[in-house]
Amino acid sequence: MSEVTVIYPGSFDPITNGHLDLIQRGSHLFSRLIVAVLTNLEKEPLFSVSERVEMLESVTEDMANVSVDTFSGLLVDYARRKRAGVILRGVRAFSDYEYELQMALMNRKLDSKLETVFLMPAGEFLYISSRLVKEIVHHGGPVTGLVPALVEERLKQKFPAASDKR
Ligand code: PNS
């Protein structure tokens, strides 16, 4: 395998089992995988950047070729700084396709050497999203199996009143 660094960018607010599945798959395909958390989110995140990084580091600690980092500004500039030739993104349902296609083609326009590679998570994770996970916990519902156990705990701490309802 040639030495290829891949960047897996996202908000990860918070990391789900779908993200983790993708990180595992990517880490087997590429020599080095950097999970890159975007710091200048337009939307108001539930977890701070440092909380998200800490959770990502904990759940990937056994993966030797995976590291966690943060970035701001354009993804193509960050990828160039990291000497990464590939961007990794996950596609779940058909609904992801349009957004992902637009981003991949725009990134290619900005840097023609940068390729975006798409992987599909295992079928059991196809319906998971950070947004739905937060919504469920907010209303006191269970998210076991949707996120790593550590993330489930952190979510309960964010919504203590909701977890009392259970
Ligand atoms: O998990 P998300 O929120 O779908 O991730 C989106 C992300 C972080 C990959 C995207 O918003 C991004 O790359 N932002 C950085 C700014 C940038 O490069 N924008 C142009 C992309 S075409």
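Heads up: the structure comes first, above all this text.
Note that the coordinates shown come from a computational prediction; the quantities given were computed from them, not determined experimentally.

Caption draft 1: Representation of the packing of aromatic side chains. A complete count under the given rule lists 3 aromatic pairs for this structure. Ring centres of Phe-94 and Tyr-97 lie 6.2 Å apart, and the angle between their planes is 15°; this geometry places the pair in the stacked category. Under the relative-accessibility criterion, Phe-94 is labelled exposed at 77%.

Caption draft 2: Molecular detail of the nonpolar core. Counting 33 residues, the largest nonpolar core has Ile-23, Leu-33, Val-35, Leu-56 and Leu-155 as its most contacted members. Among the elements that line this core, the one with the most residues is helix α2 (residues 49-59), at 4 residues. Discounting residues that sit within four places of it in the chain, Val-35 has contacts with Tyr-8, Phe-12, Ile-23, Leu-56, Val-66, Ser-67, Val-68 and Asp-69. Grouped together as the second largest cluster of nonpolar side chains are 11 residues, Ile-34, Phe-71, Tyr-78 and Ile-87 included.

Caption draft 3: Geometry of the environment of Asn-40. Relative to the assigned elements, Asn-40 resides in the loop between β2 (32-38) and α2. Separated by 65 residues in the primary sequence, Asn-40 and Leu-105 have C-alpha atoms spaced 22 Å apart. Here Asn-40 is in contact with Phe-71, Ser-72 and Gly-73, once residues within four sequence places are set aside.

Caption draft 4: Looking closely at the site of the ligand. The full set close to the ligand counts 14 residues, and Ser-11, Gly-73, Leu-75, Arg-89 and Tyr-99 are the nearest of them. Here an oxygen atom of the ligand sits 3.0 Å away from a polar atom, N or O, in the side chain of Arg-89. Within the contact set of the ligand, an oxygen atom lies 3.2 Å away from a side-chain nitrogen or oxygen of Tyr-99. Here the ligand, which alone exposes 550 Å², has 77% of that area covered by the protein.

Caption draft 5: Spatial organisation of the pattern of salt bridges. This model, assessed by the stated rule, comprises 15 salt bridges. A salt bridge links Lys-158 to Glu-51, with the shortest nitrogen-to-oxygen separation between them at 3.2 Å. Placement of the pair is Lys-158 in helix α6 (residues 149-158) and Glu-51 in helix α2, with a sequence separation of 107 residues. Exposure remark for Lys-158: the relative accessible area of 32% places this residue in the partly exposed category. The salt bridge partner of Glu-135 is Arg-131, with a shortest N-O separation of 3.6 Å.

Caption draft 6: Broad picture of the pairing of strand β1 (residues 5-10). Within β1, 6 of the 6 residues are buried, leaving the element largely enclosed by the surrounding structure. With burial as the criterion, each face of β1 is covered, one bearing Thr-5, Ile-7 and Pro-9 and the other bearing Val-6, Tyr-8 and Gly-10. With 6 bridges joining them, β1 and β2 adopt parallel strand pairing. Following the sheet pairing, Gly-10 is matched in β2 by Val-37. With respect to chirality, the unit in which β1 leads through helix α1 (residues 17-29) into the neighbouring parallel β2 is right-handed. As judged from the 2 bridges shared by β1 and strand β4 (residues 86-90), these two strands associate in the parallel manner. Paired with Ile-7 across the strands is Ile-87, a residue of β4.

The rules behind each value
Residues numbered from 1 in each chain as written. Predicted model: local features only at pLDDT ≥ 70, side-chain atom pairs only at ≥ 80, totals over all residues. Heavy atoms only, no water. Phe/Tyr/Trp six-rings, centres within 6.5 Å; stacked < 30°, edge-to-face > 60°. Buried < 20%, exposed > 50% of the residue type's maximum accessible area, 1.4 Å probe, protein only. Core = buried A, V, L, I, M, F, W, Y, C linked by side-chain atoms within 4.5 Å. Helix = DSSP H or I, 4+ residues; strand = E, 2+ residues; numbered from the N terminus. Contact = heavy atoms within 4.5 Å. Near = heavy atom within 4 Å. Polar contact = N/O pair within 3.5 Å; in protein donor to acceptor, adjacent residues only side chain to side chain. Areas by Shrake-Rupley, 256 points an atom, 1.4 Å probe, with all protein chains shown as cover. Salt bridge = Lys/Arg side-chain N within 4 Å of Asp/Glu carboxyl O. Pairing = 2+ DSSP bridges. Right-handed = clockwise from strand over helix to strand, strands pointing away.

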